[in-house]
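Remarks on the overall topology
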Amino acid sequence: MRRRLLKAVALPGYQVPYASRELPIARGWGTGGLQVTLSLVGPCDCIKVIDQGADDSVNAANLRRFIARMTGVETTTDALQATLIQSRHRIPEERLREGQILVLQVPSPEPLLPVQPDLAKAREMHADADYALMWLSLYEQLVQYGTFTTGAEYPVLVHGRYLMSPSPIPRWDTPMLHQAAHVTLLAAGREKRLYAVPPYTDVYPLEFEDVHFRVESQQGRVCYQTGARHKLMNELPQPDGQVRYQLSDSGYATKLWQHQQGDTVTIGATYYDDAGNFYHRGYLKPDTDPA
Amino acid sequence: MMPATSTTGAISSPIQTLLDPPRLVTRRPLLQTDGLLKRYGRVTAVQDVELRVYPGEMVGIVGESGSGKSTVLRLLNLQELPDEGSLILDLPGYAETNLFALDRFQRRMIQCQHIGIVYQNPYLGLRMQTSSSGNIAERLIMAGERTFQTMRQVARESLDASEFPLERMDDAPWQLSGGMQQRVQLARAIALRPLVLLLDEPTTGLDVSVQALVLDTLKHLQHELQPATVLVSHDLGVIRTLTDRALVMRHGRVVEHGLTDQILDDPQHPYTQQLVHARLS
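Bear in mind the structure is a predicted one, so any value in this text is a computation, not a measurement.

Quantified by volume, the largest pocket comes out at close to 1100 Å³. Surrounding the largest pocket, 30 residues form its lining, Arg108(B), Gln111(B), Arg127(B), Met142(B) and Arg188(B) being those nearest its centre. Elements represented by at least two residues in the lining of the largest pocket include exactly helix 4 (119-128) and helix 5 (132-145) of chain A together with helix 4 (104-114), strand 5 (115-118), helix 5 (122-125), helix 6 (132-142) and helix 8 (178-190) of chain B. With six residues, helix 4 of chain B is the single largest residue contributor to the lining of the largest pocket. Looking at the lining of the largest pocket residue by residue, the classes come out as 13 nonpolar, six polar and 11 charged.

Structural data, given as structure tokens:
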């Protein structure tokens, strides 16, 4: 497994096959991510497990308890303290630093699957770097709907070579992979494929020169617990028909709340600042309207 | 050449000085194949096919079913490799290269940029679930175009050139009639202004009036874009209407070739005679 991980890091975005083992949890519950975490965890590590941004959902709590019981490592909900973060669907809002490892659970590793159901052909397309069909599907989205309709799992080109499915993270999180200080490891247990984005690697979403990739607009959304803005929010429908918003990243929300209560907590710099600007200036291009 | 006629010293050989040498002598053929051989198991589909096509010229291939016409076209489209033989296109940088010897990636680039093909069966040439304009945009994407508005513009222009109703440009081909599907195929083939156009029975299966319209479009495009065109058909009427020269194939071999009118009016080979006389009139 570790040798496979080295190969994945050496070939950014390339899907490396590996012998995915049986685990005491079912396929589809993060077996790929769990195997990577268990093969990397050492006695000095500190683990954080995220499920849809939350540390306290059933899946996250169970995986965290399982890892702690098997290996005896410490656990945390603080993205800055953790050395190893296993996550499903989210990347923490606070910027990860060098030396940290982010493990993403992947339900569908093949980005070409929607346009090329034959996996053998899809691999050939990767070998040729022939991604015309993916571009064509973006063209079709623009023709039919006037905007890109891919929600999560927006296809990205890694290091200018391989097309990669960034696990079903929202579009909001996709830019966080670009020139990141941390290493991201992505593993699918059922499909037996793992791939990686090494630190400081180019990751660009597919976009036309005149119609650009956009993240989900968080304009006007305020977290009802912490008052935070310009972070990815969960929408909470209320009985009276109104909606409230809550920070999706619960570890970050807890720290903000503790800070407001007067506790001493370290809050790191975030990928998006309080005005909603991404920290790599110019990466997200200004909006344009397709005609 | 023309000023030579006014000089007095050239009187000794008036014909040579009066006429330009024929284009076939001065120009290099755009498409040149030699000794094509293709076997499928025990069946020899194509043998010893030699073909020269000049820019702006349309060459027809006639023959019965199974005579190897479509195999020749598939070989010319670089989608299959022959067992023997060479294909040379007069492209910058490739003028002396046998294209069959290139690797898969290079072959695909040449196929995409310089060769356009229209199949008899639109299901072979089109993505039926993708919009018609998307089918044309795909060619541009493969050639490296990444600007949405340019793709729209080129799709509109080439659909218009193949006389496709533009208000239906975003409908998927499965929603279109057979004649319209052929027009989408044609628009896709000419989107990148290819040097070589391959037409595999483009009008078979269409009713006579639509056939006439498609033939008209083909003639118009041939005149405008001046590609080297190879037209495969078993319909002698189509061959006579469109092509300059024709080849007659039988059992994978070329049995007769020459100017179209000559072949159809004065066939020499017994098989060609049979073919011409078998026509209902």
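This part covers the domain arrangement of chain A. Residues and elements named next belong to chain A. The domains assigned to chain A are domain 1 (2-205) and domain 2 (233-277). Taking only C-alpha atoms, the centre of domain 1 and the centre of domain 2 are 24 Å apart. A buried area of about 1400 Å², summed over both sides, lies between domain 1 and domain 2, and 51% of it is on carbon and sulfur atoms. Together, Glu-93, Glu-94 and Arg-95 form the three largest contributors to the area buried by domain 1 at its contact with domain 2, with a combined 41%.

On to the pattern of salt bridges. Residues and elements named next belong to chain B. By the definition in use, this model includes 29 salt bridges over all chains. Between Arg-52 and Asp-34 there is a salt bridge whose closest N-O contact spans 3.2 Å. Of this pair, Arg-52 sits in strand 2 (residues 43-53) while Asp-34 sits in strand 1 (residues 31-40), and the two are 18 residues apart along the sequence. A relative accessible area of 23% places Arg-52 in the partly exposed class. The partner of Arg-250 in a salt bridge is Glu-64, with the nearest N and O atoms 3.6 Å apart. On the criterion of sequence distance, the pair formed by Arg-250 in strand 8 (residues 245-250) and Glu-64 in the loop between strand 3 (58-63) and helix 3 (69-76) is long-range, its members being 186 residues apart. On the basis of relative accessible area, Arg-250 is assigned to the partly exposed category, the value being 28%.

Moving on, we get to empty space enclosed by the protein. Empty space among the atoms can be located by rolling a probe the size of a water molecule over them. All told, the structure shown has one cavity of 30 Å³ or more when counted by the stated rule. Reported here for the largest cavity is a volume of approximately 30 Å³. Here the residues of the lining of the largest cavity are counted per class, giving six nonpolar, one polar and no charged.

Contacts between the two partners involve 17 residues from chain A and, on the opposite side, 19 residues from chain B. Summed over both partners, the interface of chain A with chain B comes to about 1700 Å²; 60% of that surface belongs to carbon and sulfur atoms. On the chain A side of the interface with chain B, the three residues burying the most area are Asp128(A), Leu136(A) and Tyr139(A), jointly 33% of the side's total. If you look at where chain A meets chain B, you find four salt bridges. Of the charged contacts, one joins Asp128(A) and Arg108(B) as a salt bridge, the two residues approaching to 3.4 Å between their closest N and O atoms. Along the contact surface separating chain A from chain B lie 11 residue pairs in polar contact (both at pLDDT 80 or more). Elements with a contribution of two residues or more to the side of chain A that touches chain B: helix 4 and helix 5 of chain A. For the side of chain A that touches chain B, the element with the highest residue contribution is helix 5 of chain A, accounting for eight residues.

Residue and element names in this part refer to chain A. The buried count for strand 4 (residues 84-88) comes to four of five residues, which makes it a mostly enclosed element. Bridging between strand 2 (residues 46-51) and strand 4 involves five bridges; their strand directions are parallel. Opposite Val-49, over in strand 4, you have Gln-86 as the bridge partner. In the sheet, strand 4 pairs with strand 5 (residues 101-105) via four bridges, with the strands oriented parallel.

The next thing to look at is the sheet that holds strand 7 (residues 162-164) of chain A. Residues and elements named next belong to chain A. As summarised here, the arrangement of the three strands in space is 7-6-10, forming an open sheet in which the pairing is antiparallel. Unpaired on one side and paired on the other, strand 7 and strand 10 (203-205) mark the two borders of the sheet. Each strand of the sheet is rotated relative to its neighbour by a mean of 35°, with strand direction disregarded. The pairing of strand 6 (residues 156-158) with strand 7 spans three bridges and is antiparallel. Its bridge partner lying in strand 7, Val-156 is registered against Met-164.

Cut-offs and rules
- Residues numbered from 1 in each chain as written.
- Chains lettered and ligands numbered in written order.
- Predicted model: local features only at pLDDT ≥ 70, side-chain atom pairs only at ≥ 80, totals over all residues.
- Heavy atoms only, no water.
- 1 Å grid on protein atoms, 1.4 Å probe; cavity = no way out; pocket = protein on both sides within 12 Å on 5 of 7 lines; lining within 4 Å.
- Points joined across faces, edges and corners; volume = space filled by probe spheres on them.
- Helix = DSSP H or I, 4+ residues; strand = E, 2+ residues; numbered from the N terminus.
- Nonpolar A, V, L, I, M, F, W, Y, C, P; charged D, E, K, R; others polar.
- Domains from an automatic or database assignment.
- Buried area = accessible area lost by both parts, 1.4 Å probe.
- Salt bridge = Lys/Arg side-chain N within 4 Å of Asp/Glu carboxyl O.
- Buried < 20%, exposed > 50% of the residue type's maximum accessible area, 1.4 Å probe, protein only.
- Contact = heavy atoms within 4.5 Å.
- Polar contact = N/O pair within 3.5 Å; in protein donor to acceptor, adjacent residues only side chain to side chain.
- Pairing = 2+ DSSP bridges.
- Axes fitted to C-alpha atoms, helices over the stretch in contact; angles between N-to-C directions.

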